[in-house]
Amino acid sequence: MFGEKAVELVKEVNRNKDSLSPYNTDLIEQVNKEICGLIEQNMEDANASIAGSSNTAAYIPTVNVRHLSVQRNLRCLLSYHHNRVRCLRNMRWEFGSLLPPEIKSNLSSSEAAWFSSYSTSLAKYMRSIGDDGGVNLGADMKPPKSLYIEVRCLLDYGKHQLGDGTVILLKKNTRYYLPRTDCEELIRLEIFEHLIN
Amino acid sequence: MDDSMGEQFDDSDLNITEEVAAPTTQDFGLDDINTSDTEALTASQVIELMESAWLNEKFSPEILPHKTEIVDCLLGQISYMEENLENLESNDFQKSLHQMETYRLRYLVTSYLRIRLEKIEMFNYEILKQEEVREEKNEESYLSAGELQFAKEYKENLEQHFDNVLSFWPGLPPDDWKKEYIKPNLHSFVFLKSKTEIEGVIIDDGNEEDGDLVDFKNGSQMIISYNSVSNLVKKGDVQLI
């Protein structure tokens, strides 16, 4: 039946709402092929109905069904891409403008292009806020509870400079009591784990 | 933290200006007795306005008129406070309190701007279309200049991306998807608190014949569908909670 593959795409994106699955080039190509095939058939029929005047009305139902299938396929296709873009957008807020390589490899080239231009316009917007040099909207994501928080380092990160200029050596499984602002990004990058007693 | 504490800081001989001390009063509803009369808008009033704008933006389904002046003003205050903080010794007890306060305020501003951005992205087409209409009528735009720029760029990017996706068949009508875009649900229900006496609010239940009227008393709280009160929210007569 027409449209089944396209629905499969939507299901796929629905199954992994929070993570980005690999760009499904195969299935998309199949859907594209289906759409192309349907359009071609429709054009053939349209030409035939113009050329041979006999019984034009007989073509209409099939043409209609094909047309609707094309519409439906397109809609599914766009839904797939739009939801991926939304997911990608959330990742921009989570990871910053540099994506982890394992996510990067799941993108199509067009998505990568979208991501970089999204990053650019977002950065431009952030710079435009306020009078002096803009505001980083990526910081202060959660309402602050206390100035210092307890964190555990999850990997051997090496040297890290704090906001006030001191450099500390981050080792795996060590605990720190640090200013919240210094930790926020590292927590998001999963270098630190926030310990809540 | 209460009023008396804020006052205490002012009395101390450390050189903290009023703007630094004033926002430490956590109860924004209280009048700040420290603030001078000469200022058009006191520090705590700015915060109060920002907080109200933030709550409204957070709970309304559609985007509200921008409050750039308040945001800029508060950002100015924050950086001023931060500058003053630099001059304090790091083991000073006051420093941590004020530092915490700047973080709170920062969260308030950034959260407000983030919510707006999310709406701009989600309802991109709808918002841009409304902006165009407003421009034609010479009405004040809802988006700030920066936000408008961002919205347009977002739209371009998305269209570029979708065009790439659909480029496999050159003759495809590319405009079809633009007709069906995501709109905010204006009929969703909101909690609100009235700030003044308002009479004769028409309850819009999507049924034109029987528009029931309701009166808001000052300080009364309601659950009502957003489109009945959208004008009041924009005018600032009610506060979404």
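Predicted, not measured: the structure shown is a model, and the values here were computed from it. (Residues numbered from 1 in each chain as written. Chains lettered and ligands numbered in written order. Predicted model: local features only at pLDDT ≥ 70, side-chain atom pairs only at ≥ 80, totals over all residues. Heavy atoms only, no water.)

1. Structural notes on the overall build of chain B
What chain B contains, in helices and strands, is 9 helices and 5 strands. Ordered by position from N to C terminus, the α and β elements of chain B give α-α-α-α-α-α-α-α-β-β-β-β-α-β. Looking at chain B as a whole, 46% of its 241 residues are labelled buried. Looking at chain B alone, contacts between residues at least 24 apart form 66% of all its contacts between residues at least 6 apart. Accessible surface, chain B as shown: approximately 12,800 Å² in total, 48% of it carbon and sulfur. (Helix = DSSP H or I, 4+ residues; strand = E, 2+ residues; numbered from the N terminus. Buried < 20%, exposed > 50% of the residue type's maximum accessible area, 1.4 Å probe, protein only. Contact = heavy atoms within 4.5 Å. Areas by Shrake-Rupley, 256 points an atom, 1.4 Å probe, with all protein chains shown as cover.)

2. Quick look at the UniProt feature "domain: DNA replication complex GINS protein PSF1 C-terminal" (unreviewed entry) in chain A
Here, UniProt's "domain: DNA replication complex GINS protein PSF1 C-terminal" (unreviewed entry) annotation points to residues 145-196 of chain A. Helix makes up 17% of residues 145-196 of chain A and strand 42%, with an end-to-end C-alpha separation of 12 Å. (UniProt positions renumbered as here; feature names shortened; annotations may be inferred.)

3. Description of the interface of chain A and chain B
The interface of chain A with chain B comprises 45 residues on the first partner and 38 residues on the second. Taken together, both faces of the contact between chain A and chain B bury some 3,900 Å²; the carbon and sulfur share is 69%. Interface area lost by chain A to chain B is led by L78, Y125 and L147 of chain A, which between them contribute 17%. The shortest N-O distance in the salt bridge between E121 of chain B and R86 of chain A comes to 3.7 Å. Our enumeration of links across chain A and chain B arrives at 8 residue pairs in polar contact (both at pLDDT 80 or more). For the side of chain A that touches chain B, the secondary-structure elements that each account for two or more residues are α2 (25-51), α3 (60-95), α5 (109-128) and α6 (180-188) of chain A. Residues belonging to the side of chain A that touches chain B are distributed by class as follows: 21 nonpolar, 12 polar and 12 charged. (Buried area = accessible area lost by both parts, 1.4 Å probe. Salt bridge = Lys/Arg side-chain N within 4 Å of Asp/Glu carboxyl O. Polar contact = N/O pair within 3.5 Å; in protein donor to acceptor, adjacent residues only side chain to side chain. Nonpolar A, V, L, I, M, F, W, Y, C, P; charged D, E, K, R; others polar.)

4. With respect to the domain arrangement of chain A
Partitioning chain A into domains gives domain 1 (4-128) and domain 2 (148-194). Averaged C-alpha coordinates put domain 1 of chain A and domain 2 of chain A at centres separated by 41 Å. (Domains from an automatic or database assignment.)

5. Comments concerning a nonpolar patch on the surface
All names here are of chain B. Together, F189, F191, I223 and I241 give the surface a local cluster of nonpolar side chains, amounting to about 430 Å² of exposed area. Positionally, I241 belongs in the segment after β5 (238-240). Given a relative accessible area of 34%, I241 falls into the partly exposed group. (Patch = residues over 30% accessible without salt bridge, like charges linked within 9 Å, V, L, I, M, F, W, Y side chains within 5 Å.)

6. Quick notes on the environment of Y157 of chain A
All names here are of chain A. Mapped onto the elements, Y157 comes out in the loop between β1 (148-153) and β2 (158-161). Along the primary structure Y157 and L169 are separated by 12 residues, whereas in three dimensions their C-alpha atoms are 7.7 Å apart. Here Y157 is in contact with L170, L186 and I191, once residues within four sequence places are set aside.

7. Looking at the sheet that holds strand β4 (residues 175-179) of chain A
All names here are of chain A. Pairing within the open sheet is antiparallel, and its 3 strands lie in the order β4-β1-β5. Each end of this open sheet is capped by a strand with a single partner; those strands are β4 and β5 (192-194). In this sheet, adjacent strand axes meet at a mean angle of 45° when their direction is disregarded. Of the strand pairs in this sheet, β1 and β5 are connected by 3 bridges, and their pairing is antiparallel. Looking at β5, one finds that C153 is bridged to F192. (Pairing = 2+ DSSP bridges. Axes fitted to C-alpha atoms, helices over the stretch in contact; angles between N-to-C directions.)

8. Here we look at the confidence of the model for chain A
Summing up the model confidence of chain A, the mean pLDDT is 81 and the portion of residues at 70 or higher is 95%. For chain A, α6 of chain A is the element with the lowest average pLDDT, namely 80, and α5 of chain A is the one with the highest, namely 87. (pLDDT = per-residue confidence, 0-100.)

9. Quick look at the environment of M222 of chain B
Residues and elements named next belong to chain B. Its place among the elements puts M222 in strand β4 (residues 221-225). As for M222 and S194, which are separated by 28 residues in sequence, their C-alpha atoms are 8.2 Å apart. In this structure M222 touches V190, F191, L192, V214, D215 and F216, once residues within four positions along its chain are discounted.

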